[in-house]
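Architecture at a glance
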Amino acid sequence: MTESIRRSGEYENFENPYQAPYEGAQQHASASVGSSPVNPEWPPPPAYEPVAQSAHQQQPAVEPTAVWQTQAATGGADNGGYGGNGGGTALLTPVASEPAPAGKKRARGPFALLAAVAIVAAAIGGGTAYGIQELTGKDAVVSSSTTTSVVPSSKTGDVATIAAAVSPSVVEVSATLSNGTSTGSGVIITSGGEIITNNHVISGATSIKVSTSDGKSYTAKVVGTDSKKDLALIKLENASGLKAATLGNSDGVKVGDTVVAIGSPEGLTGTVTSGIVSALSRDVTVSTDESQSQSQGQGSQGGDGSWPFQFGGQQFNGDTGTSTTTYKALQTDASLNPGNSGGALIDASGNIIGINSAMYSAATDSSSSSDAGSVGLGFAIPINTVKADLATLRAGGSDS
């Protein structure tokens, strides 16, 4: 048999590791001094020379799942002598796994937090007033600045879109008086049925009925009244899931701003009119006498359906009597008629900026009833006045 002498590191027949045992013995016998024996029953030597272990050092434990690196895989031939360890036994050295960057995992925390904040901000920035109400409870009033839009920004100022969004939050209020009835409007401020209206609409009422935009009818009780601001808070019985209006910021209103009025003039539920803000901080004087509301109340017997008020030293729609109060009002040319009292004055974004409370009617100055109606002089209580008075009203009002 012809034997081929292989130099250290050369493995021409690596693809056939299963040589006869006697061939390995002959190779071992003929190997020169100082060269490493070749044992075909073991895998090829490692790509680098193993570190010699001293007598007192322990060989590190080899993980069973380690990946073994061979010289054949790397193509190296410099360490074929096994470092002079001899014995024909190759030292198998695991390839250290590449550690994951320590800072990479830590970096995920802030980014995840920022993403979560952005999502929450986007959810809140989109004007989801209903979601805020559900999170804070049914009796929470949805309030916003003028930057919040109830309607899509592309539809800002569109009367049809505003009407569709806010009409479900405006109701008709019918109060039974001792000598007649009074019909007005109201604005839902909580999904549980709290409604803001004018004090003169329900003053002296023995019973109150409320009709929503979907035709449902409820019985309501008076929670609190404030005749000095001509405000009242009533609560529907056995009501839930109502659509509450979003209360805006009347301090941001400017003359010339587009407004929409929704109410029940002459009992025509859900009537929508539009106009602009004509003036700010008008001093409007109304009666606080309960008997005045019964004799001059909207729709009551003996009255013309218009609530009397004073403006600029003159009286309109009748005699206000001797017991009066004055408040600052927003003036609008949006058409208001008897029955609009207590209804909503809405800005271009769909936020409530006022509670309609008074309008001038020419009927009291004319012998013909055909001259009755809006002449573009309407007044609304600023919504910031309402928000500031809400706690008092919930506690029974200043008249209790």
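All figures in this text were calculated on a predicted structure; none of them were measured in a lab. Along each chain, numbering runs from 1 in the same order as the chain's sequence is written. Whole-chain, interface and lining totals are the exception, using all residues; otherwise, since this is a predicted model, local features are given only for residues with pLDDT of at least 70 and side-chain atom pairs are given and counted only at 80 or more. Each side-chain value is worked out from all heavy atoms of the structure, with water and hydrogens disregarded.

Bringing the overall build of the protein into the picture now. Secondary structure elements are taken from DSSP: a helix is a run of H or I of four residues or more, a strand is a run of E of two residues or more, and numbering for both begins at the N terminus. Of the regular secondary structure elements, the protein holds eight helices and 14 strands. Exposure classes here rest on a 1.4 Å probe applied to the protein chains alone. A residue is buried below 20% of its type maximum, exposed above 50%, and partly exposed in between. Out of the 400 residues belonging to the protein, those deemed buried represent 41%. Should any heavy atoms of two residues lie within 4.5 Å, those residues are considered in contact. Looking at the protein alone, contacts between residues at least 24 apart form 68% of all its contacts between residues at least 6 apart. Throughout, the Shrake-Rupley method with a 1.4 Å probe supplies accessible areas, and for residues the shown protein chains are the sole cover considered. Of the roughly 20,400 Å² that the protein leaves accessible, carbon and sulfur atoms contribute 53%.

With that out of the way, let us pick up the nonpolar core. What is meant by a nonpolar core is a set of buried Ala, Val, Leu, Ile, Met, Phe, Trp, Tyr and Cys residues, joined one to another through side-chain atoms within 4.5 Å. Ranked by size, the top nonpolar core spans 33 residues in total, and within it Val166, Ile196, Val284, Phe309, Ile346 and Ile352 carry the most contacts. Look past the residues within four positions of Phe309 in its chain and what remains in contact with it is Val284, Thr285, Val286, Gln314, Gln315, Phe316, Asn317, Thr320, Ala358, Met359, Tyr360 and Phe379.

This part takes up the pairing of strand β13 (residues 352–361). Among the 10 residues that make up β13, 10 are buried, leaving the element largely enclosed by the rest of the structure. Here three bridges tie strand β12 (residues 344–346) to β13, and the two strands are oriented antiparallel to one another. For Leu345, the partnering residue across the bridge sits in β13 and is Gly354. Hairpin connection from β12 to β13: five residues lie between these consecutive antiparallel strands, with Gly350 at a positive phi of about 95°. Sheet topology places β13 next to strand β14 (residues 374–382); six bridges connect them, and they run antiparallel. Note that in β14 the partner of Asn356 across the bridge is Ala380. We treat two strands as partners when DSSP finds at least two bridges between them.

In space, the six strands of this closed barrel follow the order β1-β2-β3-β6-β5-β4, with antiparallel pairing throughout. Strand-to-strand twist across the sheet, computed as the mean angle between neighbouring axes with direction ignored, equals 40°. Both strand β4 (residues 207–211) and strand β5 (residues 217–226) contribute to a ladder of four bridges, which runs antiparallel. Considered in β5, the bridge of Ser211 is made with Ser217. Every angle, taken between N-to-C directions, lies between 0 and 180 degrees, and every axis is a line fitted to C-alpha atoms, over only the stretch in contact when it is a helix.

To continue, consider helix α8 (residues 383–394). Given the number of residues in a helix, its expected span is that number minus one, multiplied by 1.5 Å. The end-to-end C-alpha distance of α8, which contains 12 residues, comes to 16 Å, matching closely the 16 Å that a straight helix rising 1.5 Å per residue would cover. Listed as buried for α8 are Ile383, Asn384, Val386, Asp389, Leu390 and Leu393. In the segment just after α8, Gly396 is the residue with positive phi, at about 120°.

Before going further, it helps to examine the side chain of Thr285. Here Thr285 shows up in strand β8 (residues 271–287). Look at Thr285 and you get buried, because its relative accessible area is 11%. Within the structure, Thr285 has its side chain in polar contact with the side chain of Thr326 (distance 2.7 Å). Ignoring sequence-local partners within four residues, the contact set of Thr285 consists of Phe309, Gln310, Thr320, Thr324, Thr325 and Thr326. In protein, a polar contact requires one atom able to donate a hydrogen and another able to accept it; more generally it is a pair of N or O atoms within 3.5 Å, and residues adjacent in sequence count only if both atoms are side-chain atoms.

The element strand β6 (residues 231–236) is extensively covered by neighbouring structure, given that five of its six residues are classed as buried. By the bridge criterion, six bridges tie β5 to β6 in an arrangement that is antiparallel. Residue Lys221 lies in a different strand from β6, and its bridge partner there is Lys235. Here β5 hands over to β6 after four residues, with Asp230 in that stretch at a positive phi of 55°.

All right, on to helix α5 (residues 159–166) then. For α5, the complete set of buried residues consists of Thr161, Ile162, Ala163, Ala165 and Val166. The inward-facing, buried residues of α5 abut β1 (170–177), β7 (258–263), β8, β12 and β13.

Oppositely charged side chains can pair when the atoms bearing their charge come close. One side-chain nitrogen of Lys or Arg within 4 Å of one carboxyl oxygen of Asp or Glu is enough to make a salt bridge. All told, the structure shown has three salt bridges when counted by the stated rule. Between Lys229 and Asp226 there is a salt bridge whose closest N-O contact spans 3.7 Å. Taking relative accessible area as the criterion, Lys229 reaches 31% and is therefore assigned partly exposed.

Take Ser357: it is sitting in strand β13. Placed 22 residues apart in sequence, Ser357 and Phe379 show a C-alpha to C-alpha distance of 5.9 Å. Among all residues touching Ser357, those that are not within four sequence positions of it are Asn198, His200, Asp230, Trp307, Tyr327, Ser341, Phe379, Ala380 and Ile381. In this structure the side chain of Ser357 is engaged in a polar contact, spanning 2.6 Å, whose partner is the side chain of Tyr327.

Positive phi, close to 55°, is recorded for Asn238, a residue that is not glycine. Within the secondary structure, Asn238 is located in the loop between β6 and β7. Here Ser281, not a glycine, exhibits a phi torsion of approximately 55°, which is positive. In this fold, Ser281 is placed in strand β8. Take Ser281: its relative accessible area is 47%, and that puts it in the partly exposed class.

A few words on the side chain of Ser182. Along the polypeptide, Ser182 turns up in strand β2 (residues 180–188). The exposure class of Ser182 is buried, given its relative accessible area of 2%. At 3.1 Å, the side chain of Ser182 and the backbone oxygen of Val201 are in polar contact.

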